[in-house]
Every structure is written in structure tokens, then in C-alpha cells.
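Coordinates in review
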Amino acid sequence: MFFVKALKDILNVLQNDISPNQLAAGACMGIFLGLVPGLLMKCIIFFLIMILRVNIGTAFMASAVFAVIGLTLDPLSDKIGFFILNLGLLVPLWTALFNMAIVPFTRFNNTVVMGNIAIAAILFVPAFFAFKKLVMYYREHWREKVSKWKIIKLLTAGNLSYKILK
């Protein structure tokens, strides 16, 4: 039933008139939330998701997807993070940040964390425009066709159809 509910939520998000910018921004914040390990970093990103005008559902869906993808990216993240943390030009910055009060608890000095932050930052802008374009394409070309499918009508009908099927 979890997958049916997730599919229903995805369809509701795509079928409603939520701004494509909000959906795309939510997906990008979800990329950060899913890729970046560490509780404090996740809390900071979660706080940003809550205060910014982004679609929360899209953020959490993207977070779930990119949490799984992030596990496969760990070897690459380790190499990228090692490169960034050992870049001679930035060593004074990392030292200053590490000597601050709360910043070391973000574990930015871990190579995997820094690599995932870098990957998420690199993906942010292209993912925003790609997701926005995907939503706009879906709404222009597929929204009307998909809304006529019987399975979609059944999924979006609400609790009554769920009670009838059960």
C-alpha cells in the first residue's frame, strides 16, 4: 500500500497547479537532504526546506531517491571531498571553520561529507532547470491524457474508492 500512496501523491503533485519553480526547488533541496550525511547537516537543510517556499512533498521524495543514490556515490564523494579539503588555497578556511563553535559538528571535515556537499551543490542548478522543464513538459503534453486513464481516476478518487477496493 505504501507504493500506491506514493504513486497517488506523485500524481497529485503533477496534476495540481503547484508552481513548477516550487516543485523544482523542493526536488533540489531534497537532493541536498538525501546526499548529505550527518544529523546536524540534515537538520539545517530540513529547517531551510520548512522556511523556504518549496514543495515539501517533492523535497522528501527526492531525498528518499538521492539517499539511495548517495550510498553508491560514496567512493566518488570520498575522492572529491579529499581533493577539496586538501586544496592548499582553502586550508586556512577549513581551519577557521573548524575552530568555530558549532561548525565542526556538521562534520564538514569528513571527506565523504564534503564530497556529498560538493556533488549536491554541483547538481543543484542543473537539477532545478531539468526538473522544472520535466514538470512543464508533463503538464503541457501528458496531463490531460493521464487524467483520463481509469487507474488514475481510481487512484485520485479518494477514500471512497479505497474502501470499495478493500
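For the structure, see preceding data.
Note that this is a predicted model, so its numbers are computed, not measured. (Residues numbered from 1 in each chain as written. Predicted model: local features only at pLDDT ≥ 70, side-chain atom pairs only at ≥ 80, totals over all residues. Heavy atoms only, no water.)

1. Some details on the overall build of the protein
This is how the line gets drawn: Per the convention used, a helix needs a DSSP run of H or I reaching at least four residues, while a strand needs a run of E reaching at least two, with both numbered from the N terminus. For this analysis, residues touch if any pair of their heavy atoms sits within 4.5 Å. The Shrake-Rupley method, run with a 1.4 Å probe, gives the accessible areas here. Residue values count only the displayed protein chains as cover.
Looking only at helices and strands, the protein has 10 helices and zero strands in total. Start at the N end of the protein and walk to the C end: the helices and strands fall as α-α-α-α-α-α-α-α-α-α. Partitioning the contacts of the protein with sequence separation of at least 6, the portion at a separation of at least 24 is 76%. Within the structure as shown, the protein displays about 10,700 Å² of accessible surface, and the carbon and sulfur contribution to it stands at 74%.

2. A few points about the environment of G115
Mapped onto the secondary structure, G115 falls in helix 7 (residues 111-141). Spatially, the C-alpha atoms of G115 and G81 are 3.8 Å apart, while their sequence positions differ by 34 residues.

3. Focus on helix 2 (residues 20-35)
Defined as follows: Here a helix's expected span is defined as the number of its residues, less one, multiplied by 1.5 Å. For every residue, the accessible area (1.4 Å probe, protein chains only) is compared with the maximum for its type, and the residue is labelled buried under 20%, exposed over 50%, or partly exposed between those bounds. Any N or O atom pair separated by 3.5 Å or less is treated as a polar contact, with the protein-specific requirement of one donor-capable and one acceptor-capable atom, and with residues adjacent in sequence counted only for side-chain atom pairs.
The end-to-end C-alpha distance of helix 2, which contains 16 residues, comes to 22 Å, matching closely the 22 Å that a straight helix rising 1.5 Å per residue would cover. Along helix 2, 14 of the 16 residues are buried, which leaves the element largely enclosed by surrounding structure. The N-cap of helix 2, judged by a side-chain oxygen 3.2 Å from the amide nitrogen of N21 a few residues on, is S19.

4. Section: the packing of aromatic side chains
Threshold: Stacked, edge-to-face and tilted labels apply to pairs of Phe, Tyr and Trp rings (six-membered ring for Trp) whose centres lie within 6.5 Å, assigned for plane angles under 30 degrees, over 60, and everything in between, in that order.
For the structure shown, the criterion picks out four aromatic pairs. Each ring, one from W94 and one from F108, has its centre 5.9 Å from the other, and the planes form 40 degrees; the classification is tilted. Highlighted residues: W94 in helix 6 (residues 91-98) and F108 in the loop between helix 6 and helix 7, separated in sequence by 14 residues. Each of the two residues, W94 as well as F108, counts as buried.

5. A word on the side chain of T58
Among the structural elements, T58 can be located in helix 4 (residues 56-72). Under the relative-accessibility criterion, T58 is labelled buried at 6%. Sequence-distant contacts of T58, defined by excluding residues within four places in its chain, comprise V13, L23, G26, A27 and F131.

6. Re the nonpolar core
Selection criterion: To define a nonpolar core, start from buried Ala, Val, Leu, Ile, Met, Phe, Trp, Tyr and Cys residues and group those joined through side-chain atoms within 4.5 Å.
Ranked by size, the top nonpolar core spans 21 residues in total, and within it I31, L35, V36, I45 and I49 carry the most contacts. At the level of elements, helix 2, helix 3 (39-51), helix 4 and helix 7 are the ones that each hand at least two residues to this core. Looking at this core, the element that brings in the most residues is helix 2, giving eight residues. Not counting residues within four places of it along the chain, the set of residues in contact with V36 comprises M41, K42, I45, N116 and I117. Counting residues in hydrophobic clusters, the runner-up holds six residues, among them I84, W94, M114 and A118.

7. What to know about the environment of I117
Considering the arrangement of structural elements, one finds I117 in helix 7. Sequence separation between I117 and F32 is 85 residues; the distance between their C-alpha atoms is 7.3 Å.

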